[in-house]
Amino acid sequence: MALRTLITRKTLGLGLQSEARNLGFGFRHARELQTFSLPDLPYDYSALEPVISGEIMQLHHQKHHQAYITNYNKALEQLEEAMAKGDSSTVVKLQSAIKFNGGGHINHSVFWKNLSPIHEGGGEPPKGSLGWAIDTNFGSLEALVKNINTEGAALQGSGWVWLGLDKEMKKLVVETTANQDPLVTKGANLVPLLGIDVWEHAYYLQYKNVRPDYLKNIWKVLNWKYASEVYEKECP
Amino acid sequence: MASFCSRPFPASSHLLATDFSRPLKISKLLYLQRKGQFHGSQRASKVLAFYGLTTPPYNLDALEPYMSQRTLEIHWGKHHRGYLEGLNKQLENNNSLYGYTMDELVKVTYNNGNPLPEFNNAAQVWTHDFFWESMQPGGGKIPGHGVLLQIEKDFGSFTNFREKFIEAALTLFGSGWIWLALKTKEKRLAVIKTSNGVTPIVWGDIPIISLDMWEHAYYLDYKNDKVKYVNMFLNNLVSWNAATARMARAEAFVNLGEPKIPVA
């Protein structure tokens, strides 16, 4: 399984396959519809044990994330058809499916980058400007962790808890979103630094109903390096 | 109309006691003391109220292999119990919500769409009570005569109802419930989706059957395979007996058609 990470290591961009549909002379040039594919994990399924079991990682990645991508592609295809026909009511009707499935794809793509095996630096507290910003905004890393864990545990139903950066105000915020709403639905200037999936599928097989334990433990594998990179890009 | 078997409508247990001198031996008593009468004066009427956890009307292993004992132990013993204890704790601090039946409490805390903090716990206690009673060992198959007729009238066929129910379960976004409910205004059955803990009683409809689509309801047994879960439920678990009893009661509130009054 280690071979996967060495040889087939792709950058975690969104896989793109474009379908060119050229309608030939005299017709309007059709837009290329980009379809999305499941990004690879930069680590093995079992690499986050014992914090998150390999079984959960595999189901989460191969079933749940894949389903969001499949349905997202389907909804986009239907949207394109409806737009071409000028079918406004279908266009509008598809928005919730796009938000849900597209959001699911966006959120999980970020999530995989937010996690990192302990031996690769997962859980190591942030240094540099992000560490300083956390102390300024929240008092201390412990306070931030407590805040996020409280919000995450209190979230009713399914959703995500985020550490976000308000690009304009240069402030860090803790936010929750429901279902698969991406962080940007809470503010157009918000950029996700770290997101924690608190849908039950993210932890149930291992932690059952004890979401607080999952939240307490996940900090051991959170990838502060990625969060720092994003932060430093927006706040140089 | 066809005759329905009569069975008392299942209700949540709701205990209310006023204690004057002899403390009642019930665990988890909560004191709500009236204003101005504190410092434990024994002569003051101490008002005690709490809701109890109803147990499913079957053993926790009775739904195997379609819903495992493990799932029921956690779903009922941890989730359902957790909502109940959370609710009792909230009520301890808010005695304006004291004295309602479970149904009333859900509607009051729903507050016409602007839910109070107690709504989530109250609603989830209610929905889970309803859910356990919507299932039975040896359930599934097709409903009895009267309910079947009504389903055929409102959906065209039982197969069509099944399809609609399954489709709703698979297209629900996030956590929630799927209901077969009697819509009181339209006077017909419909499949309804709700999110989180919302139940059709909050807008006056009458639920007949429910299916929990929160992941905790099926994840241990079916992982992500929702299709299998919903089919197993419809084929083997759903209690059409409970549906019949609920329909019978619903007919007291909703006029579903002209009664056949025999001509003398």
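If you're wondering where the values come from, they're calculated on a predicted model, not measured in any experiment.

### A look at the packing of helix H5 (residues 158-171) of chain B against helix H7 (residues 226-237) of chain B
Residue and element names in this part refer to chain B.
Stage number 1. Two elements in contact, H5 and H7, have axes separated by 10 Å at closest approach and are oriented at 145°. Both H5 and H7 take part in a crossing whose hand is right-handed. Counted together, Arg 162, Phe 165, Ile 166, Ala 169 and Leu 170 of H5 and Lys 226, Val 227, Val 230, Asn 231, Phe 233, Leu 234 and Asn 235 of H7 form the full contact between these two elements.
Stage number 2. Class assignment for the residues of the contact of H5 with H7 results in eight nonpolar, two polar and two charged.

### Some remarks on the packing of aromatic side chains
Aromatic ring pairs are described here by two measures, namely the spacing of the ring centres and the angle between the planes.
Residues and elements named next belong to chain B.
Stage number 1. As enumerated under the stated definition, the model contains 27 aromatic pairs over all chains in all.
Stage number 2. Geometrically, the ring pair formed by Trp 126 and Trp 179 is tilted, given 6.1 Å between the ring centres and 45° between the ring planes. Of this pair, Trp 126 sits in helix H3 (residues 119-133) while Trp 179 is found in strand E4 (residues 176-183), placing the two residues 53 residues apart along the sequence. For the residue pair Trp 126 and Trp 179, the accessibility class agrees, reading buried in each case.
Stage number 3. Taken together, a centroid distance of 6.3 Å and an interplanar angle of 10° make the contact between Phe 165 and Phe 233 stacked. With Phe 165 in helix H5 and Phe 233 in helix H7, the pair connects residues that are 68 residues apart, well separated along the chain.

### So, the UniProt feature "domain: Manganese/iron superoxide dismutase C-terminal" (unreviewed entry) in chain A
Stage number 1. Mapped onto the present numbering, the UniProt feature "domain: Manganese/iron superoxide dismutase C-terminal" (unreviewed entry) falls on residues 126-229 of chain A.
Stage number 2. Structurally, residues 126-229 of chain A comprises 41% helix and 23% strand, and the distance from its first C-alpha atom to its last is 10 Å.

### Examining the domain arrangement of chain A
Residue and element names in this part refer to chain A.
Stage number 1. Here chain A is partitioned into domain 1 (54-116) and domain 2 (120-234).
Stage number 2. For domain 1 and domain 2, the distance between their C-alpha centres works out to 22 Å.
Stage number 3. With 19 residues of domain 1 at the contact, the number on the domain 2 side is 27 residues.
Stage number 4. Summed over both sides, the interface between domain 1 and domain 2 buries roughly 1,900 Å², with carbon and sulfur atoms accounting for 62% of that surface.
Stage number 5. A per-residue breakdown of the area domain 1 buries against domain 2 is headed by Ile 56, Asn 114 and Ser 116, which together make up 33% of the total.
Stage number 6. Taken together, domain 1 and domain 2 are joined by one salt bridge.
Stage number 7. A salt bridge links Asp 181 to Lys 99, with the shortest nitrogen-to-oxygen separation between them at 3.7 Å.

### Quick look at the packing of helix H4 (residues 145-155) of chain B against H5 of chain B
All names here are of chain B.
Stage number 1. Between H4 and H5, the shortest axis-to-axis distance is 8 Å and the interhelical angle comes to 75°. One way to sum up the angle between H4 and H5 is to call them roughly perpendicular. Contacts between H4 and H5 pair Leu 148, Ile 151, Glu 152 and Phe 155 from the former with Phe 158, Asn 160, Phe 161 and Lys 164 from the latter.
Stage number 2. For the contact of H4 with H5, the residue count by class is five nonpolar, one polar and two charged.

### Here's the deal with the interface of chain A and chain B
Stage number 1. Each side of the interface is counted separately: chain A has 18 residues, and chain B has 16 residues.
Stage number 2. Buried area between chain A and chain B, both sides added, is near 1,700 Å², and the carbon and sulfur share of it is 59%.
Stage number 3. Sorting the residues of chain A by area buried against chain B places Gln 156, Glu 200 and Tyr 204 of chain A first, and these three jointly supply 31% of that buried surface.
Stage number 4. Connecting chain A to chain B are one salt bridge.
Stage number 5. Salt-bridge contacts for Lys 223 of chain B lead to Glu 55 of chain A; the nearest nitrogen and oxygen are separated by 3.6 Å.
Stage number 6. The tally of links from chain A across to chain B stands at seven residue pairs in polar contact (both at pLDDT 80 or more).
Stage number 7. At the level of secondary structure, the elements contributing two or more residues to the side of chain A that touches chain B comprise helix H2 (54-85), helix H4 (95-114) and helix H7 (204-207) of chain A.
Stage number 8. With four residues, the top contributor of residues to the side of chain A that touches chain B is H2 of chain A.

### Quick word on unusual backbone geometry
Stage number 1. Along the chain, Glu 49 of chain A connects to Pro 50 of chain A via a cis peptide bond; the corresponding omega equals -5°.
Stage number 2. Here Pro 50 of chain A is to be found in the loop between strand E2 (33-37) and H2.
Stage number 3. Cis rather than trans, the peptide bond between Glu 64 of chain B and Pro 65 of chain B has omega equal to -5°.
Stage number 4. Structurally, the position occupied by Pro 65 of chain B is in the loop between strand E3 (46-51) and helix H1 (69-92).
Stage number 5. At Lys 170 of chain A, a position not held by glycine, the phi torsion is positive, near 55°.
Stage number 6. Topologically, Lys 170 of chain A is positioned in the loop between strand E3 (159-166) and strand E4 (171-178).
Stage number 7. Residue class for Lys 170 of chain A comes out partly exposed when judged on its relative accessible area of 45%.
Stage number 8. The residue Asn 179 of chain A is not glycine, and still its phi comes out positive at about 50°.
Stage number 9. Note on placement: Asn 179 of chain A falls in the loop between E4 and strand E5 (190-197).

The rules we used
Residues numbered from 1 in each chain as written. Chains lettered and ligands numbered in written order. Predicted model: local features only at pLDDT ≥ 70, side-chain atom pairs only at ≥ 80, totals over all residues. Heavy atoms only, no water. Axes fitted to C-alpha atoms, helices over the stretch in contact; angles between N-to-C directions. Helix = DSSP H or I, 4+ residues; strand = E, 2+ residues; numbered from the N terminus. Left-handed = near helix turned anticlockwise from the far one by under 90°. Contact = heavy atoms within 4.5 Å. Nonpolar A, V, L, I, M, F, W, Y, C, P; charged D, E, K, R; others polar. Phe/Tyr/Trp six-rings, centres within 6.5 Å; stacked < 30°, edge-to-face > 60°. Buried < 20%, exposed > 50% of the residue type's maximum accessible area, 1.4 Å probe, protein only. UniProt positions renumbered as here; feature names shortened; annotations may be inferred. Domains from an automatic or database assignment. Buried area = accessible area lost by both parts, 1.4 Å probe. Salt bridge = Lys/Arg side-chain N within 4 Å of Asp/Glu carboxyl O. Parallel < 35°, antiparallel > 145°, perpendicular 65-115°, else oblique. Polar contact = N/O pair within 3.5 Å; in protein donor to acceptor, adjacent residues only side chain to side chain.

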